[in-house]
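Close look at the chain arrangement
Here is what each chain is made of, one letter per residue.
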Amino acid sequence: MKAHPLPDADYLRARLAYDPATGVLTWRENPDAPRHWNSKHAGNPAGYADERYVSVRLDGRLYRAHQIIWKMQTGDDAPMVDHEDTDGLNNRWDNLRLSTKSQNMGNHAGWKKKTLPRGVFAHQGRFKVLITANKKPKYIGMFGTVEEAAEAYAKAAREHYGEFSHTSFGAKS
């Protein structure tokens, strides 16, 4: 999805209501919209969820709900908003935080179909560990067991990503 500049925060607040406890955006009544739009949409949840995020179509453009929420709550555009629990559908305010792209990638849950922990690769009967730091892969080492390799990755992730470190299969390091 191509990112479009978000409308003004006051405009977003006039069109949408946000519940920080649930993370849900709802449509407000729009005096400029046809009556049938208000009867169908006002008071109902805004947007739709795909497998990863909630998206909202506003004035013909599609935006990620977490970006809209950040601007509504702070008044600022955020280049990157991270979901602390890695669930892109969880837009509760206490789950959203400002991040860099690198930090956001450090908190990425990884691919669900992987059989090895994040950063661990089978190599000639052993397990190689790599971490991406500043857009470059960094070799951590070779290990005899998956457990040793996973722990080495977790340590490197904590050092590089800090509170944004996320290791494997949904577990925070």
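So, here's what we can say about the structure. Treat the numbers as computed from the prediction; the structure is a model and nothing was measured.

Cut-off values and rules
- Residues numbered from 1 in each chain as written.
- Predicted model: local features only at pLDDT ≥ 70, side-chain atom pairs only at ≥ 80, totals over all residues.
- Heavy atoms only, no water.
- Pairing = 2+ DSSP bridges.
- Helix = DSSP H or I, 4+ residues; strand = E, 2+ residues; numbered from the N terminus.
- Buried < 20%, exposed > 50% of the residue type's maximum accessible area, 1.4 Å probe, protein only.
- Contact = heavy atoms within 4.5 Å.
- Polar contact = N/O pair within 3.5 Å; in protein donor to acceptor, adjacent residues only side chain to side chain.
- Core = buried A, V, L, I, M, F, W, Y, C linked by side-chain atoms within 4.5 Å.
- Axes fitted to C-alpha atoms, helices over the stretch in contact; angles between N-to-C directions.

A sheet is described by the order of its strands in space; here three strands give the open sequence β3-β4-β5, paired in antiparallel fashion. Single-partner strands in this sheet number two, and they are β3 (48-49) and β5 (61-64).

Looking now at unusual backbone geometry. Note on backbone geometry: most residues besides glycine have negative phi, and most peptide bonds are trans. Even without glycine at this site, T86 takes up a positive phi of about 70°. With respect to the element layout, T86 can be found in the loop between β6 (81-83) and β7 (96-98). Residue classification places T86 among the partly exposed positions, given a relative accessible area of 27%. One non-glycine residue, Q124, adopts positive backbone phi at about 50°. Secondary-structure assignment places Q124 in the loop between β8 (120-123) and β9 (126-133). Taking the relative accessible area as the measure of exposure, Q124 reaches 73% and is therefore exposed.

Here we take up the environment of R28. Its location among the elements puts R28 in the loop between β2 (24-27) and α2 (35-41). Given a relative accessible area of 39%, R28 falls into the partly exposed group. When residues no more than four places from it in sequence are discounted, the contact partners of R28 are R13, A14, R15, L16, A17, W37, N38 and A42. At 3.0 Å, the side chain of R28 and the backbone oxygen of L16 are in polar contact.

Moving on, we get to the nonpolar core. If you look at the biggest cluster of nonpolar residues, it comprises 21 residues, and the most contacted ones within it are L16, L25, W27, V56, I68 and M72. Where this core is concerned, the elements lending two or more residues are β1 (16-19), β2, β4 (54-58) and α3 (65-74). Sorting elements by how many residues they give to this core places α3 first, with five residues. Counting residues in hydrophobic clusters, the runner-up holds 13 residues, among them F143, A149, A152 and A157.

With that out of the way, let us pick up the sheet that holds β8. What the three strands build is an open sheet, ordered β8-β9-β10; its pairing is antiparallel. Both outer strands of the open sheet, β8 and β10 (136-143), are each paired with one neighbouring strand and no more. Put simply, the sheet's adjacent strands are angled 30° from each other on average, direction ignored. Strand direction decides the pairing type here: β9 and β10, joined by seven bridges, are antiparallel. Residue pairing across strands places L130 opposite Y139, the latter belonging to β10. Relative to the sheet, helix α5 (residues 146-161) contacts β8, β9 and β10, its axis offset from that of β9 by approximately 10°.

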